[in-house]
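If you want the building blocks of each chain, they are given just below.
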Amino acid sequence: MKRLEQQDSYLQEFSSTVTEVREQKGQVSVALAESAFYPTSGGQSFDTGTLNGVRVVDTFKEEKNDEVVWHKLEQKSLQVGDIVKGMIDWERRYRHMQRHTAEHMLAQAFIRVNPAFQTQAVNLSQVNCTIDLAGEPKESDLERAEQIVNEAAYQNLPVNAFEVDETEISNYPLRRAPKVSGKIRVVQIGDFDYSACGGTHLRTSAEALPIKTMGSEKIKGGLTRVYFMAGLEALKDYTLKHLISSSVAQSFSSSVEKLPERTAQLRDELKITKGQLVALQETVAKTRAEELLQNAPTTNKGRVVTHELSQEECSLLIPLSKVLGTQDDVIALLGATGDKASLLFIRGKNVSAEMNKLLSEVLYLIQGKGGGSSERAQGNGTDTTGVTQALEYARILLNSQ
């Protein structure tokens, strides 16, 4: 079959004839005499679009016969011999072209930073594309490669694709050796990059702008995976982040440039405030514990404190339990009602009751889950109306032991 997109990546409509139809597991696919649909290959995802108005949801080649491109249809509607009008989903195709051309240039840029940064694999199926590199590039290498690739792209270099016989391929400075033989398709981006590639590409390098590296991570095989965006997708990402950063800066009475400094200042202030809050909570907890202990009834288990904190007092649950837990002869049955229902049971070291077992007996009353040890157990639930009943039932169970 004739691959129209190999001659013209900007071809959006074409006419052809159905040469084969097959159905597997309820999915219908057709082959055409000629097609402009690009099948998944070389890290670039497939094209979508329509054939006579019927949605093409996938385009692929078979491993055993990669000369035929198959078009998976949303519904069965075509027969062998039918004349079809094909329409490419241009927005999707153009995004893929921007990603692919940017990937070629970025791979070349990394080699210019350091020849050891050879591309081992690429993935262009997502907005955040990836290049897997050898040679362990650092953050400074990413910054330098980004500078090189954008400076080259701004030169508006022409992008050309042409076929070369394998006997003549050595005449071209390919970035890496081709994986095919016979007729080899070469994609040339000015004098900046030459690469053997069957993908769809832009007419000029400037159409890929901007090209932005988005960070990196170490992956298996000793490789470094570099994330990047290109073209309209990179512009959209920048626009979103600019809006967010500008909004945050305004709320902090700061400029975007000074956000890191302002954020660090607020973080330090928050740390101080948290410390002050913890100290205040501890003071309040001690006062509240003294009041509760004065009124705590004495049983054969020891002194028993049963107390439910209101929504405004929820933050005192842990500090209060810590204070009461230091009393050797005290059992504290505490609850809190806020966004969720909370129970916390704790005992002193001279008390023999098992808090985890006691908690498990009453958790159902707050539709909760939890656990702990014989000394301390805690649980949370969704039914805030059950805290009072759970505490009362726990007190009854404790007295009956």
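Since the structure is predicted, the reported quantities are computational estimates derived from the model, not experimental observations. (Residues numbered from 1 in each chain as written. Predicted model: local features only at pLDDT ≥ 70, side-chain atom pairs only at ≥ 80, totals over all residues. Heavy atoms only, no water.)

Q: Teacher, can you tell me more about the packing of aromatic side chains here?
A: Two descriptors summarise a pair of aromatic rings, namely the distance from one centre to the other and the angle between the planes of the rings. Tallied over the entire structure, the rule returns six aromatic pairs. Ring geometry for Phe110 and Phe117: centres 6.4 Å apart, planes at 75 degrees, overall edge-to-face. Of the two residues, Phe110 and Phe117, both sit in the buried class. Ring plane angle 50 degrees and centroid distance 5.6 Å describe the contact between Phe162 and Tyr172, whose orientation is recorded as tilted. In this pair, Phe162 is assigned in strand β11 (residues 159–165) and Tyr172 in the loop between β11 and β12 (183–189), connecting sequence segments 10 residues apart. (Phe/Tyr/Trp six-rings, centres within 6.5 Å; stacked < 30°, edge-to-face > 60°. Buried < 20%, exposed > 50% of the residue type's maximum accessible area, 1.4 Å probe, protein only. Helix = DSSP H or I, 4+ residues; strand = E, 2+ residues; numbered from the N terminus.)

Q: Would you explain the side chain of Thr59 in this entry?
A: Looking at where Thr59 falls in the secondary structure, it is placed in strand β6 (residues 54–61). Accessibility expressed as a relative area gives 0% for Thr59, which makes it buried. Apart from residues lying up to four places away in sequence, Thr59 is in contact with Phe37, Tyr38, Pro39, Thr40, Phe46, Asp47, Val69, Trp70 and His71. (Contact = heavy atoms within 4.5 Å.)

Q: Is there a simple way to think about the pairing of strand β2 (residues 13–24) in this case?
A: Side-chain direction in a regular strand flips from residue to residue, so the side chains alternate between the two faces of the sheet. The pairing of β2 with strand β8 (residues 83–88) spans five bridges and is antiparallel. Opposite Ser16, over in β8, you have Val84 as the bridge partner. Judged from the six bridges that link them, β2 and strand β3 (residues 27–32) form a sheet pairing that is antiparallel. From the neighbouring strand, Val18 faces β3, where its bridge partner is Leu32. Taking the residues between adjacent antiparallel strands as the criterion, β2 and β3 are bridged by two residues, where Lys25 takes a positive phi near 50 degrees. (Pairing = 2+ DSSP bridges.)

Q: How should the sheet that holds β6 be read in this particular structure?
A: In sheet architecture, strand pairing relies on hydrogen bonds along the backbone and comes in two forms, parallel and antiparallel. Taken together, the six strands give a closed barrel; going around it, the order is β2-β3-β7-β6-β5-β8, and neighbouring strands pair in antiparallel fashion. Looking at each pair of strands side by side, their axes are set apart by 45 degrees on average, direction ignored. (Axes fitted to C-alpha atoms, helices over the stretch in contact; angles between N-to-C directions.)

Q: Quick question: what am I supposed to make of a nonpolar patch on the surface here?
A: On the surface, a nonpolar cluster with roughly 330 Å² of combined accessible area is contributed by Leu232, Leu235 and Tyr238. Within the secondary structure layout, Leu235 lies in helix α4 (residues 231–251). Since its relative accessible area comes to 42%, Leu235 is described here as partly exposed. (Patch = residues over 30% accessible without salt bridge, like charges linked within 9 Å, V, L, I, M, F, W, Y side chains within 5 Å. Areas by Shrake-Rupley, 256 points an atom, 1.4 Å probe, with all protein chains shown as cover. Salt bridge = Lys/Arg side-chain N within 4 Å of Asp/Glu carboxyl O.)

Q: For this particular structure, what's the right way to read the environment of Gly325?
A: When you line up the elements, Gly325 lands in helix α6 (residues 317–325). Between the alpha carbons of Gly325 and Ser15 there is a distance of 81 Å; along the sequence they are 310 residues apart. Ignoring anything within four residues of it in the chain, the contact list for Gly325 reads Ile346, Arg347 and Gly348.

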